[in-house]
Amino acid sequence: MCGIVGYVGPRSALDVVIGGLRRLEYRGYDSGGVALVHDGTIAWAKKQGKLANLDKELAERPLPESHTGVGHTRWATHGPPSDRNAHPHLDAANRIAIVHNGIIENFADLRAGLEARGYEMVSDTDSETVAHLIAEQLDADDIELTEAVRRVVQQLRGAFTLVITDAQQPGVVVGARRSSPLVAGRGDGENFLASDVAAFIDYTREAIELGQDQIVTITCDDIVVIDFDGAAGDVNDFHVDWDASAAEKGGYDWFMLKEIDEQPRAVADTLLGRHSRDGALQLDEMRLSDDELREIDKIIIVACGTASYAGLVAKYAIEHWTRIPCEVELASEFRYRDPILGRSTLVVAISQSGETMDTLMAIRHARQQRARVLAICNTNGSTIPRESDAVIYTHAGPEVAVASTKGFLSQLVACYLLGLYLAQARGTKYGDEIASMMAELEAIPAGIQRLLDDAGPVRELARELSGERSVLFLGRHTGYPVALEGALKLKELAYLHAEGFAAGELKHGPIALIEDGLPVFVIVPPRGRDQLHEKVVSNIQEIRARGARTIVLVEDGDDVVTEYADTVIRLPRAPTLLQPLLATVPLQIFAAELADTLGCDVDQPRNLAKSVTVE
Ligand code: F6R
């Protein structure tokens, strides 16, 4: 949510900053802007809308050469999207330029104070106040930018990442972070600041994780980190294990299509290296001992959106394999209901970005209540894993499209690994049972690949249904979260009314929605010893009898439902618990194709941003 870049070095700062913003545009696209230090002043450009508008502005009104710059791509919070509210924000003398991600909660008081002292605001944003406050410090005392920033951040409440330049200190960019993401990139004779390593991956893969309440000062040759009290700050260096090509479209029209196609790899990579030599499951970043895992008597999974659906699937697997009660809760609801937590509660936070504010606040609350926290995350160097007791990284590579696809599948894999690891530590499953489930998981990438290779009819169906006003999705057991995910993908990508329901709930109300021709996707569980399969078959018959157009996702060889299906989508065989890894894929393809047919921006749907760093 808002992308920020800062650069100091021998290259054109404009090129580096704009290139970085392009990589971060998924974080927000309400406006873009850049500020460069040049000849004792700040040269800047900013424009409402996507970066293409800023590019046009820069072509018409080029900025001078500079080697120190900052940039911003915005997801609006305070003040509507407009040129005026676009970042960077400057002080009246054009000396300071700041870019900001987050919300400064006490900005109204700060703004009133500044206005009373004669400062004039030119935007509606909370961010502009910071530019004036820093300039005020620099005007009052003979201090450096870093010290001015340090004094000002102590006055701020809320969550923020700030990146700042001072026209009178070329070759210096200062960043500060509290509860919003910021990483530094360590180059050779150049250094970088950004919300996400993707912004500087073209230049360096060596990065520094910045901690809570830290200030970082970059020059060409140095990166210095202090805390808000001025003491030297602890930092973690890390190496980014993917390169620039992973963050590019590679011939696809949309990042999402590439990311959907990358799913066999994402699943395989997330499974890779999880066995020790003796065949036992090993999770390198687990950091919780088997004794601690044996003490757990309750698991609460907290997450948002798609990640919360991964949590719903995890509940079925974890309870089945470990017999530990497992709840799943939307992170935004969790801490406000005063949950009952203790040392024997394991809170599992699932987050692709590792920065989602609702999830971050939930784990902070859980840790205050002494619960142990384990993060499932795709982003090295992000806040949620850093603030957790343990982490399972998913290895999906960078997910750039705003709506999650490979992130979701790799979260599912990490959840299964967690369930099996707990079962191993607590002895609720024998080694050979765990090995056999791992073998089933290892067969999944080939199954996904087959679904991708055979996706033609799903795409055709999407084009055929592009005139529909509403689509429903039904599932039971692990098929229920898949139904929710199928509906969410369609809503967010194609702006179409879509609902996911537990198939058994239909008769308690939603069946009233069924009318002639209404498309309804149904995820059919594999035939097994329980009655799940036949219950779903009955549900299909119920809706068909009322005129629904039934689109049935069913495993190979299951012909029981075909006579009630208008369209059949075949799934490779897998155990019920693992079926979401397969059943989700055609629904992603369907949503992306339908959105594309309607002319929607598949990668950057309206009103959304990846990495929601406000509550
Ligand atoms: C939907 C989607 C969102 C995210 C949610 C959590 O396609 O991407 O619902 O799943 O915002 O994001 P993370 O996983 O980054 O915490």
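Just so we're clear, the structure is a prediction, and the values are computed from it rather than from any experiment.

Peer 1: I'd like to hear about the site of the ligand, residue by residue, with values.
Peer 2: Around the ligand, the surrounding shell holds 15 residues, and the nearest of these are Ser351, Gln352, Ser353, Thr356 and Glu492. Between the ligand and the protein, one listed contact pairs an oxygen atom with a side-chain N or O atom of Thr356 at 2.5 Å. One of the side-chain nitrogen or oxygen atoms of Lys489 is found 2.9 Å away from an oxygen atom of the ligand. Contact with the protein chains removes 88% of the 410 Å² of surface that the ligand exposes when unbound. Those elements that place two or more of their residues in the shell around the ligand are helix H9 (305-322) and helix H16 (479-494). Each of domain 2 (249-442) and domain 3 (452-597) contributes no fewer than three residues to the shell around the ligand.

Peer 1: Residues and numbers for the sheet that holds strand S9 (residues 183-186), please.
Peer 2: Across the sheet, 8 strands lie side by side as S3-S2-S4-S1-S10-S9-S11-S14; this open sheet has antiparallel pairing. One side of each edge strand has no neighbouring strand; the edge strands of this open sheet are strand S3 (41-48) and strand S14 (236-239). In this sheet, adjacent strand axes meet at a mean angle of 20° when their direction is disregarded. Where helix H1 (residues 13-24) meets the sheet, its contacts fall on strand S1 (3-8), strand S2 (31-38), strand S4 (68-74) and strand S10 (191-194), and the angle it forms with S1 comes to roughly 155°. With respect to the sheet, helix H2 (residues 51-60) is in contact with S2 and S3, its orientation differing from that of S3 by roughly 130°.

Peer 1: So what's going on with the domain arrangement of the protein? Residues and values would help.
Peer 2: You can read the domains of the protein as domain 1 (3-246), domain 2 (249-442) and domain 3 (452-597). Placing a centre on the C-alpha atoms of domain 1 and another on those of domain 3 gives a separation of 45 Å.

Peer 1: Explain the side chain of Asn106 to me, and be specific about the residues and the numbers.
Peer 2: By the secondary structure assignment, Asn106 is in the loop between strand S6 (96-104) and helix H3 (107-116). Among the polar contacts listed, one links the side chain of Asn106 to the backbone oxygen of Gln155, at a separation of 2.8 Å. Each residue touching Asn106, except ones within four places of it in the same chain, is listed here: Gln155, Leu156 and Arg157.

Peer 1: I'd like to hear about the sheet that holds strand S15 (residues 298-303), residue by residue, with values.
Peer 2: Reading across the sheet, the 5 strands line up as S16-S15-S17-S18-S19 and stay open at both edges, with parallel pairing between neighbours. Bordering the open sheet on either side are strand S16 (326-330) and strand S19 (390-393), each of which pairs with just one other strand. Neighbour-to-neighbour, the strand axes of the sheet open up by a mean angle of 20°, direction not taken into account. The pairing of S15 with strand S17 (residues 345-351) spans 5 bridges and is classified as parallel. What sits directly across from Val302, in S17, is Ala349.

Peer 1: A description of the packing of H9 against H16 should follow, citing residues and the corresponding values.
Peer 2: Contact geometry for H9 and H16: axes closest at 9 Å, N-to-C directions at 170°. Regarding the angle of H9 to H16, the classification is roughly antiparallel. Mapping the contact onto sequence places Gly305, Thr306, Tyr309, Leu312, Val313 and Tyr316 in H9 and Pro481, Leu484, Glu485, Leu488 and Lys489 in H16. Looking at side-chain class alone, the contact of H9 with H16 contains 7 nonpolar, 2 polar and 2 charged residues.

Analysis parameters
- Residues numbered from 1 in each chain as written.
- Predicted model: local features only at pLDDT ≥ 70, side-chain atom pairs only at ≥ 80, totals over all residues.
- Heavy atoms only, no water.
- Near = heavy atom within 4 Å.
- Polar contact = N/O pair within 3.5 Å; in protein donor to acceptor, adjacent residues only side chain to side chain.
- Areas by Shrake-Rupley, 256 points an atom, 1.4 Å probe, with all protein chains shown as cover.
- Helix = DSSP H or I, 4+ residues; strand = E, 2+ residues; numbered from the N terminus.
- Domains from an automatic or database assignment.
- Pairing = 2+ DSSP bridges.
- Axes fitted to C-alpha atoms, helices over the stretch in contact; angles between N-to-C directions.
- Contact = heavy atoms within 4.5 Å.
- Parallel < 35°, antiparallel > 145°, perpendicular 65-115°, else oblique.
- Nonpolar A, V, L, I, M, F, W, Y, C, P; charged D, E, K, R; others polar.

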